[in-house]
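Architecture at a glance
Spelled out from the first residue to the last, the chains are:
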Amino acid sequence: MASRKNHTLKLAGILLALVLVTSCFVGGTFAKYVTSGTGKDTARVAKFGVTVTANGTMFAKEYDTDTENVKATIAKSVLSTDKVIAPGTKGNMVSMTLAGTPEVAINVRYKATVKLDNWVYKADESETGEFYCPIKIKVGDEIYFGYDYPSAERFKNAVETAINGYSDNYAPGTDLTKAKAPAVSWAWAFEDKAADAKQTDVKDTYLGDQAAKGNAATIDLEVVTTVTQID
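Just so we're clear, the structure is a prediction, and the values are computed from it rather than from any experiment. (Residues numbered from 1 in each chain as written. Predicted model: local features only at pLDDT ≥ 70, side-chain atom pairs only at ≥ 80, totals over all residues. Heavy atoms only, no water.)

**Here we look at the packing of aromatic side chains**
For any two aromatic rings, the description comes down to two numbers: the centre-to-centre distance and the angle of the planes. Taken as a whole and judged by the stated rule, the model has four aromatic pairs. Ring centres 5.5 Å apart and planes at 25° place the aromatic pair Phe145 and Tyr147 in the stacked group. On the accessibility criterion, Phe145 (26% relative accessible area) is partly exposed. (Phe/Tyr/Trp six-rings, centres within 6.5 Å; stacked < 30°, edge-to-face > 60°. Buried < 20%, exposed > 50% of the residue type's maximum accessible area, 1.4 Å probe, protein only.)

Laid out in structure tokens, this is it:
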């Protein structure tokens, strides 16, 4: 009997121990690996800071030749405030300067618009006349002579295409002072002494006479520079 009683007490003790162990599992949590991390970053607006400056004066209110005395005489004869051109004159039409180092890729686009009106010579007023423009326009290193073209439209398109061709894309961080920019100048020779000269005193004088009659030939150049962020 004693042995059986001891066995019962032993069994009761084991059951009590199991109950206590089970209570620990139910009342608490299992240990586990725990880690955490925080993602954080700061950004600012990418720099743009591009400036475009048009340099030079396209035309002047007075004109001159290579002779200083003639310059003084002719300058005094110009009574209007209009900017004028004549044989022996020249000047810079436009020179664009870019500045800045944008942190984004950009496209620099040049859009030129040339207008040529009344550049016509008529040997006889009953004729339709021919396109005659003794002005030469230089874009970069290329020179375009007006009298080499059969029409104002062809001359205009050639100059516009040359200027627009300076448009280009640039990578982020490019120093835009080194970007391609068109330098445009013009000149009307005082006299073309070549044997096969297309410019003549007769035709030049005709243009001057037409101006005196209120039918002056005019030239106008506009260059719009647009800087745009690209992908």
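**Remarks on helix H4 (residues 201-212)**
Here H4 spans 16 Å end to end across twelve residues, near enough to the 16 Å set by a 1.5 Å rise per residue. Within H4 the residues assigned to the buried category are Lys203, Asp204, Tyr206, Leu207 and Gln210. Relative to the axis of H4, the buried residues are bounded by an arc of 155° and lie together on one face. Exposed positions of H4 whose direction lies more than 90 degrees from the buried face are Asp201, Val202 and Ala212. Residues of H4 that are buried make contact with strand E4 (120-121), strand E5 (130-131) and strand E9 (183-188). (Helix = DSSP H or I, 4+ residues; strand = E, 2+ residues; numbered from the N terminus. Expected span 1.5 Å × (residues − 1). Arc of directions from axis to C-beta. Contact = heavy atoms within 4.5 Å.)

**Concerning the sheet that holds strand E8 (residues 168-170)**
The antiparallel open sheet is built from three strands, whose spatial order is E8-E3-E10. Among the strands making up the open sheet, the edge pair consists of E8 and strand E10 (218-229). Direction aside, neighbouring strands of the sheet carry axes that sit 20° apart on average. Two strands pair when backbone bridges link them, and strand E3 (residues 106-117) and E10 are joined in this way by twelve bridges, in the antiparallel orientation. Each bridged residue has a counterpart across the sheet, and for Ala112 the counterpart in E10 is Val223. In this fold helix H3 (residues 152-164) packs onto E3 and E10, with an angle of close to 160° to the strand it touches most, E3. (Pairing = 2+ DSSP bridges. Axes fitted to C-alpha atoms, helices over the stretch in contact; angles between N-to-C directions.)

No statement about biological role is implied by the geometric values presented.
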